[in-house]
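# Structural overview
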Amino acid sequence: MKRIIAVLLMLCMLAACVPTPGTEFVVNKGDKTVEQKLSTTYDKEQHFPARWDEDTYDANEYLSISFNAEVLTKTDGLYPVYRTRSAEITGEEATRWANLLLAKPESVSTLEMTKADWQKALQQYVDQIEATKAWIAAGRPDDGIDRDEYIPSDEEMEETYRMYQEYIENAPAENETKPVSDFTNLPQGPRHYTLSDGTDANITVWRSNFVGIAKGCVANPYVYYDYYYEEEKEDETEDFPWPKLWQDVTMPVEDAEKLLTPALEKLGFSDYTPYRTVKANLMDSSEGGLARQVTKGWAFTLHRNPADYPTVGVPYEPAQSLQYGSENTMANAYISPETLEILIDETGVRYFGYSAKKEIVGVESKNVELLPWEEAQMRIRNALETCYRTDWAKESNMKAQIKVYRVLLTSYTVHIPNSKEYYEMPCWVVFFDEAHYGIPEWMREDMNTMQEALFINAVDGSIVHTDWGY
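Residues numbered from 1 in each chain as written. Predicted model: local features only at pLDDT ≥ 70, side-chain atom pairs only at ≥ 80, totals over all residues. Heavy atoms only, no water.

Checked against the element boundaries, serine 107 lands in strand 4 (residues 105-110). Excluding residues within four positions of it along the chain, serine 107 makes contact with Thr177, Lys178, Pro179, Val180, His192, Tyr193 and Thr194. (Helix = DSSP H or I, 4+ residues; strand = E, 2+ residues; numbered from the N terminus. Contact = heavy atoms within 4.5 Å.)

This is the structure we're talking about:
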């Protein structure tokens, strides 16, 4: 079962590749090209072709490259650069969002594991071991269950029993409930609120970095997307209940979009735009471990985009198949992407989740000068030719085949050298298939598959990447 971890490895500005002899190849040179361009007013619109079509050519003996790509750019031809910084989500903000989305609260309950919950977990551990032993004793029959055949040793089981007993002893007999009249001073962790209109809500606050508000949920809200369901609908195991709880979404997306716009304005996110819109169900693992479906509608994943840069709905990251440099290559640290998720049904917002807040410090340039299209093409070709690993192809006497199918000019968060702040920098994001692996083309639009991409700073042509540690 595939899952996109809600952590996309972000970009960095300091990168290096080892150039092939005679090839002009620009990495981050440590010069002031970016700063110089940001300090200069550029008053011309910058437009680029809508496609890049180029027949297959041999980059070297073991690599061929072709371009059959749509090119996605801004229609107005203006490319501003914002300066941003990470910021804490304040308690006042969380309280305001809760007041806007929910009826007045009457009581709040903690959501800790109780003694009974831990006792149930211990019994499930014992039952699982006994079931595995019985299955092995029966000759490992094919019963359609994906099993872990490992049987712990007596010492391991004794240590696990001791751990569970400690949890049971320290857990509360039951969760505490107390009356409340407002949402001020929201506590850390998940809480269950009963509301004056007779509904429930779950509010989760985590370290000034995440706030989740789920109307109708009690314990553990889960936005379950339709593409998860399509992949998992044959899975009917007791431990994985979501596919059998799924309900088809009949609400037209246009109706959800009409409700989204005023909701964003009311919540203070009017400069955020959706980059992924999918049918979804809001699920809840309620008290006592009972899973249930709460509602169905449209899930919008949004990001701050005041300049209306183009986006795509599929997830993407720096290609692991590219060798960005030696082990001494400097790389900036991971930057958590600021993300807003909202699920809307016919009644309005049912789930709100906001994380990794950034705030705009200023506008560095209203329209930064980008590299000309021909030079951007050269940087992209050179990066693919120089950084794609072909050692395996040489050893196997094969030829690697790269097919570029999309080129996106969008804004990405990159570090400012010697600063805790960031540039929201125009970058070329180059999507490509490694055709020699025979991956079907439909996976290019699969929102449950991470897409391989090369990142090029559109201002100075340097590679923008994350150091994967390989």
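Further notes follow.
Attention now goes to the environment of aspartate 200. Among the secondary structure elements, aspartate 200 is positioned in strand 7 (residues 200-206). Taking the C-alpha atoms as reference points, aspartate 200 and valine 218, 18 residues apart in sequence, are found 6.2 Å from one another. Dropping the residues within four chain positions of it, aspartate 200 is found in contact with His192, Tyr193, Thr194, Leu195, Ala214, Lys215, Gly216, Cys217 and Val218. Looking at aspartate 200, its side chain comes within polar contact range of the side chain of histidine 192, at 2.8 Å. (Polar contact = N/O pair within 3.5 Å; in protein donor to acceptor, adjacent residues only side chain to side chain.)

This paragraph deals with the sheet that holds strand 14 (residues 348-355). With antiparallel pairing, the 10 strands of this open sheet are ordered in space as 5-4-6-7-8-14-13-11-10-9. Each of the sheet's edge strands pairs with one partner strand only, and the pair in question is strand 5 (177-179) and strand 9 (221-225). Strand after strand, the sheet turns through a mean of 25° between neighbouring axes, direction not considered. By the bridge criterion, 7 bridges tie strand 13 (residues 339-345) to strand 14 in an arrangement that is antiparallel. (Pairing = 2+ DSSP bridges. Axes fitted to C-alpha atoms, helices over the stretch in contact; angles between N-to-C directions.)

Quick look at the environment of glutamate 230 now. Inspection of the secondary structure assignment puts glutamate 230 in helix 5 (residues 226-232). Here glutamate 230 falls in the partly exposed class, since its relative accessible area comes to 47%. In the structure, glutamate 230 is positioned 13 residues away from proline 243 in sequence and 8.4 Å away in space, judged by C-alpha atoms. (Buried < 20%, exposed > 50% of the residue type's maximum accessible area, 1.4 Å probe, protein only.)

Let us now look at the confidence of the model for the protein chain. For the protein chain, mean pLDDT is 87; residues scoring 70 or higher make up 88% of the total. Note that pLDDT drops below 50 for residues 1-28; the model gives that stretch 102 contacts with residues more than four away or on any other chain. This model gives residues 326-330 a pLDDT under 50, and the stretch forms 7 contacts once residues within four places in sequence are excluded. (pLDDT = per-residue confidence, 0-100.)

Where like charges cluster on the molecular surface, the negative patch consists of Asp154, Glu155, Glu156 and Glu158. Secondary-structure assignment places glutamate 158 in helix 4 (residues 154-170). (Patch = residues over 30% accessible without salt bridge, like charges linked within 9 Å, V, L, I, M, F, W, Y side chains within 5 Å. Areas by Shrake-Rupley, 256 points an atom, 1.4 Å probe, with all protein chains shown as cover. Salt bridge = Lys/Arg side-chain N within 4 Å of Asp/Glu carboxyl O. Lys, Arg positive; Asp, Glu negative; His and termini not counted. Charge placed at Lys NZ, Arg CZ, Asp CG, Glu CD.)

With that out of the way, let us pick up helix 8 (residues 373-387). Over its 15 residues, helix 8 extends 21 Å from the first C-alpha to the last, a length consistent with the 21 Å expected when each residue adds 1.5 Å. Within the span of helix 8, buried status applies to Trp373, Ala376, Gln377, Arg379, Ile380, Asn382, Ala383, Leu384, Thr386 and Cys387. Where the residues of helix 8 are buried, they touch strand 1 (51-60), strand 2 (63-72), strand 16 (400-415), strand 17 (421-434) and strand 18 (451-457). (Expected span 1.5 Å × (residues − 1).)

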